[in-house]
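# Overview (structure and organization)
Listed here are the chains, written in short residue letters.
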Amino acid sequence: MNIVAWNCRGLNDPHSLAIPYLVWIYQNKFPMFMFISETKTAYSNAASKLDCLRPTAIFGFDSEGSSGGLLVLSWCSEVVECLYSSKNIILCKISEINGNFKYVIFFYGEPLVENRRVIWEFLQLLLDEYKNVLIIGDFNQVESGFDELGGASNIRGRDAFLDWRLSSDVTEVPFSGPRFTWSNKREQHELILERLDRAYITGEWFNHTPEGRIIHEPIICSDLAVITYYSNPITRKSNRPYQIENWCLQIPEVNTIVHDSWKIDMNGSCMFRLSKKLSIVRYNLQNWRLMNKKSWGVNWRNISKELGSVGDNIDSIQKGEHYINQINSIIPECKLNFEYWRQRMKSNWIKYGDCPTTLMYRRVKKKQLQKEILTLKNDEDTWVEGHDEVEQLVLNSVKEIFSPTLDNNHGEDIDLLLRQLHIPSISMEDREWLDMPFSHQEIKKSMFDMHGSKSPGPDGFTADFFHLYWKEVGQLVIDSVQQFLRSGNMLKEWNQSLLVLIPKVKVLESANHFRPISLCNTIYKCISKCLVNRMKLVLPCIISDYQHAFIPGRYMEDNILMSHELMHLINSKKNSNLAAVKIDMSKAYDRVDWLFLTKILNKYGFSNHWIRMIS
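Residues numbered from 1 in each chain as written. Predicted model: local features only at pLDDT ≥ 70, side-chain atom pairs only at ≥ 80, totals over all residues. Heavy atoms only, no water.

### Overview of the environment of I192
Going by this rule: Here a helix means four or more residues in a row that DSSP labels H or I, a strand means two or more in a row labelled E, and each is numbered from the N terminus. Residue contacts are counted whenever heavy atoms from the two residues lie within 4.5 Å of one another.
If you trace the backbone, I192 turns up in the loop between β12 (182-183) and β13 (193-194). The sequence separation of I192 and L149 amounts to 43 residues, and the corresponding C-alpha distance is 5.8 Å. Sequence-distant contacts of I192, that is, excluding residues within four places in its chain, are made with L149, G150, G151, W182, S183 and N184.

### Brief notes about unusual backbone geometry
Despite not being glycine, R9 has its phi angle at roughly 60°, a positive value. Counting through the fold element by element, R9 comes out in the loop between β1 (2-7) and α1 (18-29). The residue N140 is not glycine, and still its phi comes out positive at about 55°. Tracing the backbone shows N140 in the loop between β8 (133-138) and β9 (148-149).

### Quick notes on the pattern of salt bridges
We count it as follows: Salt bridge, as applied in this entry: a Lys or Arg side-chain nitrogen positioned within 4 Å of an Asp or Glu carboxyl oxygen. Exposure is judged per residue with a 1.4 Å probe applied to protein chains only, and the accessible area is read against the type maximum: over 50% gives exposed, under 20% gives buried, and values in between give partly exposed.
Across all of its chains, the model carries 14 salt bridges by this definition. Notably, a salt bridge pairs K29 with E217, separated by 2.7 Å at the nearest N-O pair. Of this pair, K29 sits in helix α1 while E217 is found in the loop between β15 (213-216) and β16 (227-230), placing the two residues 188 residues apart along the sequence. Looking at K29, the relative accessible area reads 12%, which means it is buried. Residues K445 and D449 are paired through a salt bridge, measuring 2.7 Å at the closest nitrogen-oxygen approach. With a relative accessible area of 49%, K445 lands in the partly exposed category. Note on D449: relative accessible area 42%, which makes it partly exposed.

### Points about the nonpolar core
As a reminder of what qualifies: To define a nonpolar core, start from buried Ala, Val, Leu, Ile, Met, Phe, Trp, Tyr and Cys residues and group those joined through side-chain atoms within 4.5 Å.
Ranked by internal contacts, the top residues of the largest apolar core, which has 56 residues, are F465, F466, V477, I523 and F606. Of the residues forming this core, the biggest block, 8 residues, is contributed by helix α17 (residues 470-487).

### Details of the packing of α17 against helix α18 (residues 522-535)
Selection rule: A fitted line through C-alpha atoms serves as each axis, taken over the contacting stretch for helices, and the angle formed by two N-to-C directions is quoted from 0 to 180°. By definition in this entry, angles of less than 35 degrees are roughly parallel, angles greater than 145 are roughly antiparallel, angles of 65 to 115 are roughly perpendicular, and the rest are oblique. Handedness of a crossing follows from how the near helix is turned relative to the far one, being left-handed for an anticlockwise turn of less than a right angle and right-handed for a clockwise one. Each residue gets one of three labels, nonpolar for Ala, Val, Leu, Ile, Met, Phe, Trp, Tyr, Cys and Pro, charged for Asp, Glu, Lys and Arg, and polar for the others, Gly among them.
For the pair α17 and α18, interaxial distance at closest approach is 11 Å and the crossing angle is 60°. Judged on the interaxial angle alone, α18 and α17 are oblique. As for how α17 packs across α18, the hand of that crossing is right-handed. Residues V477, V481, F484 and L485 of α17 pack against I523, C526, I527 and L531 of α18. Residue classes in the contact of α17 with α18 are distributed as 8 nonpolar, no polar and no charged.

### Comments concerning the side chain of T228
Looking at the secondary structure, you find T228 in strand β16. Overall, T228 belongs to the buried group, its relative accessible area being 0%. Ignoring any residue separated from it by four or fewer positions in sequence, one finds T228 in contact with I3, V4, K29, R213, I214 and I215.

### Some details on the sheet that holds β12
Selection criterion: A strand pair is defined by DSSP finding two or more bridges across the two strands.
Within the open sheet, the 3 strands sit side by side as β9-β13-β12. Their pairing is antiparallel. In this open sheet, the two strands that pair with only one neighbour each are β9 and β12. Bridging between β9 and β13 involves 2 bridges; their strand directions are antiparallel. Looking across to β13, one finds that E148 is bridged to E194.

### Some details on the side chain of R198
Note the cut-off: We define a polar contact as two N or O atoms separated by no more than 3.5 Å, with the added condition that, inside protein, one atom must be a possible hydrogen donor and the other a possible acceptor, whereas residues neighbouring each other in sequence contribute only through side-chain atom pairs.
Structurally, R198 is set in strand β14 (residues 197-201). Within the structure, the side chain of R198 is placed 2.7 Å from the backbone oxygen of R195, a separation counted as a polar contact. With near-sequence residues (within four places) excluded, R198 lies in contact with I135, I136, G137, F139, Q141, V142, E143, D147, F161, E172 and I227.

### Remarks on helix α13 (residues 410-420)
Threshold: This arc corresponds to the set of directions leading from the helix axis out to the C-beta atoms.
Every buried residue of α13 is accounted for by H410, G411, I414 and L418. For α13, the angular spread of the buried residues around the axis is 100°, confining them to a single face. With respect to the buried face of α13, the exposed residues turned more than 90 degrees away are E412, R419 and Q420. On the buried face of α13, the contacting elements are α21 (594-604).

### Some details on a nonpolar patch on the surface
Operational definition: Grouping into patches uses exposed residues only, defined as over 30% relative accessible area, and leaves out salt-bridged ones; the cut-off is 9 Å for like charges and 5 Å for nonpolar side chains (Val, Leu, Ile, Met, Phe, Trp, Tyr). Areas reported as accessible are Shrake-Rupley estimates using a 1.4 Å probe. Residue values count occlusion only from the protein chains shown.
Together, M562, L566, L569 and L578 line one region of the surface with nonpolar side chains, adding up to about 350 Å² of accessible area. Of note, L566 is situated in helix α20 (residues 556-572). Given a relative accessible area of 46%, L566 falls into the partly exposed group.

### Some thoughts on the pairing of strand β7 (residues 101-108)
With respect to burial, β7 is a largely interior element, 7 of its 8 residues being buried. Bridge count between strand β6 (residues 89-95) and β7: 7 bridges; the pairing is antiparallel. Considered in β7, the bridge of K93 is made with Y103. Linking β6 back to β7 in an antiparallel pair, the connection comprises 5 residues, with G99 at a positive phi of about 95°.

Nothing here speaks to function; it is geometry throughout.
Below, the structure is given as structure tokens:
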């Protein structure tokens, strides 16, 4: 669970960098909740400014004039309810699918010291009623002298705050990053830095997630910093290979890299040379991408890294002043870049976060919701929790699907079944037509018919790369595809794919609620499309007229209408002997029996060459 909290100090200023910064935070932190305090506007207006983030739930509290205002955005896959909201507190209840409840209190501390004791007392009442609680936000209160640099030595409101801490028995979540989360941004002896933003947890929350941690971002677009709570801060490296990014393919430097890489002479078959050259291009493009992260506009990542390293080492007024000077020098440059792109892009692009930088917004995620699977049921109907345990449960389920247990006489059973069925066969003319060599035009058409930005396979190349550089790579692609279509032999690298699990239902309770799909290499998909384009012309001859799906010119809706008519007929004749049988086809598309596929293709009359290519 990731939760972002930030006192933005207003969202209404059209020249403010707050909204693009929040979009960048969302795209990099993948939060389950985002808490924004001091919006200085009605919460519905604040929510509309961030509707590009597509939250599943929104809660908030209107500002009082130009002060205050709270907003909570949620992307939680579980049921979330707002139990209470005020100008200082929003209490949310999270109902987990295993029946447990969690509570998150998004907190904005009272600015006036004399009013804080009332807030601490009310917060204590909430903690007496709810046990499994996380409190996060801007507390507007310094707890100790270690959390303050500059200003008066006397910490106002400290006694009342410590009384609440002791009586509530909450534990502070440890933090990493720059120590101070607020600054008055003044110079020399007037400079003050404090740590006002933090998180606390109750004992029950600690028992469930003892490894939680807060990460402080540097102070950038407000007087206060963004903080992020991570319930499981252990980072796991992805094994997914580098993917070619379409946005940079037409840059002159990238063109030069592709041209130079493709001119390299090498020996071997067409398929080997194509794979080797693609590997060289990907390696060179990956190095170029790492060297050119700062391409356009505001580079939030570099700014955060630069300011974060300076903020980590603040232990004196002089270093704090240097930190604030760097902040003040970077912000004007960011605003200039933001204005530069705003003049050259449509206004709705700015609203939905497509500017000011390609680095921030070029990778528009197709799926906005970040779903985190916390628990699943195993075969014994017992809930399994924890990343490693859930991962192993899903892995075992996938292995079971793709490695089914078959009887020793499985092949004989298939032969017996096929003998009992009346299966049509393709004509000799169709068979000869299918066996004809594939032309250059067929292969090129298959490649250009593919969507340019579909998710790539292990090689990392999208179809857009082949579309844009067909003049350079096209002939080798055609020769390689024709080599496979003639021989039926394919490189192992081409046949590799990335296995991805797609949720089949909204509420995920067991591993079989995921549908496994394979992300194949673009060359592999080109070959498949060549075969499909030929095969689909003979399918109407061998597929029954009652099968309406996947056949050109036929529509599945016809069978749906027919089923409705049949059910109406059965229900209208209550004394008849008519009945309906529902067949569970939940695993019909989850696995392939290659022996059955080979035998049925042979029964249809396909040549051995075609059977070898397909299977």
